[in-house]
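Listed below are the residues making up each chain.
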Amino acid sequence: MPVTLVSTVKGRTNAEKRALMEAVQQAIVTGLKLPPHDRYLRLCEHEPDEWLLPEGKSPRFTLIEIALFEGRTPETKGLLYAEIVRALEGLGMDKNDVFIRLIEQPRENFGIRGGQRADLVQLGYEVKV
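Heads up: these notes are all about the structure in this document. None of the values given here were measured: they were computed from a predicted structure. (Residues numbered from 1 in each chain as written. Predicted model: local features only at pLDDT ≥ 70, side-chain atom pairs only at ≥ 80, totals over all residues. Heavy atoms only, no water.)

Section: the sheet that holds strand E2 (residues 41-46)
- An order of E2-E1-E3-E4 is seen for the 4 strands of this open sheet, with the pairing classed as mixed. Looking at the sheet topology across the chains shown, the edges are occupied by E2 and strand E4 (98-105). Along the sheet, successive strands turn relative to each other by an average axial angle of 15°, direction set aside.
- With 8 bridges joining them, strand E3 (residues 62-69) and E4 adopt parallel strand pairing. (Pairing = 2+ DSSP bridges. Helix = DSSP H or I, 4+ residues; strand = E, 2+ residues; numbered from the N terminus. Axes fitted to C-alpha atoms, helices over the stretch in contact; angles between N-to-C directions.)

So, helix H1 (residues 14-32)
- In this model, H1 (19 residues) spans 27 Å end to end at C-alpha, consistent with the 27 Å of a helix rising 1.5 Å per residue.
- Every buried residue of H1 is accounted for by Lys 17, Leu 20, Met 21, Ala 23, Val 24, Gln 25, Ala 27, Ile 28, Val 29, Gly 31 and Leu 32.
- Residues of H1 that are buried make contact with strand E1 (3-9), E2, E3 and helix H2 (74-89).
- Remark: Lys 33 follows H1 within two positions and exhibits a positive phi of approximately 55°. (Expected span 1.5 Å × (residues − 1). Buried < 20%, exposed > 50% of the residue type's maximum accessible area, 1.4 Å probe, protein only. Contact = heavy atoms within 4.5 Å.)

Structural notes on H2
- Along its 16 residues, H2 runs 23 Å from first to last C-alpha, staying within 8% of the 22 Å computed at 1.5 Å per residue.
- Turning to H2, its buried residues are Thr 76, Lys 77, Leu 80, Ile 84, Val 85 and Leu 88.
- Structurally, H2 contributes buried residues whose contacts are with H1, E3 and E4.

Regarding the pairing of E2
- The sheet contact formed by E1 and E2 spans 6 bridges and is parallel. Counted as the bridge partner of Leu 5 is Arg 42 from E2.
- Between the parallel pair E1 and E2, the chain is carried across by H1, and the sense of this crossover is right-handed. (Right-handed = clockwise from strand over helix to strand, strands pointing away.)

Quick look at the pattern of salt bridges
- Inspection of the entire model under this criterion finds 8 salt bridges.
- A salt bridge links Arg 39 to Glu 22, with the shortest nitrogen-to-oxygen separation between them at 3.1 Å. Of this pair, Arg 39 sits in the loop between H1 and E2 while Glu 22 sits in helix H1, and the two are 17 residues apart along the sequence.
- Residue class for Arg 39 comes out partly exposed when judged on its relative accessible area of 41%.
- Among the residues examined, Glu 22 registers a relative accessible area of 29% and is labelled partly exposed.
- Each of Arg 18, Glu 22 and Arg 39 takes part in one network of salt bridges that share partners. (Salt bridge = Lys/Arg side-chain N within 4 Å of Asp/Glu carboxyl O.)

As structure tokens, this is what we get:
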């Protein structure tokens, strides 16, 4: 159950924002082999003067931060990165305008399904992929 924050500079239409969120979510589901209903994704937009973008990046630069249970292999993480970039290229984004940051945490650091420690809950999917 990754918790995802997608940060962008303002300027996209509502339809473009929705497509961006759906594309990232689908890439996460595919890349991490998660059930489709496992959705915790939000979009945060910034005014152009509120973000110092890395040199050479366009105003469509997108930062994707995903907090998730620890346990995925480096290979799975690489596949996830590629899947996200592929999905965003499908929306016309330049792959060099995508930055992905994983924030891995022990399962006991998540309170889920009514405040239970996640390490005590049967998730219904495998974390160690």
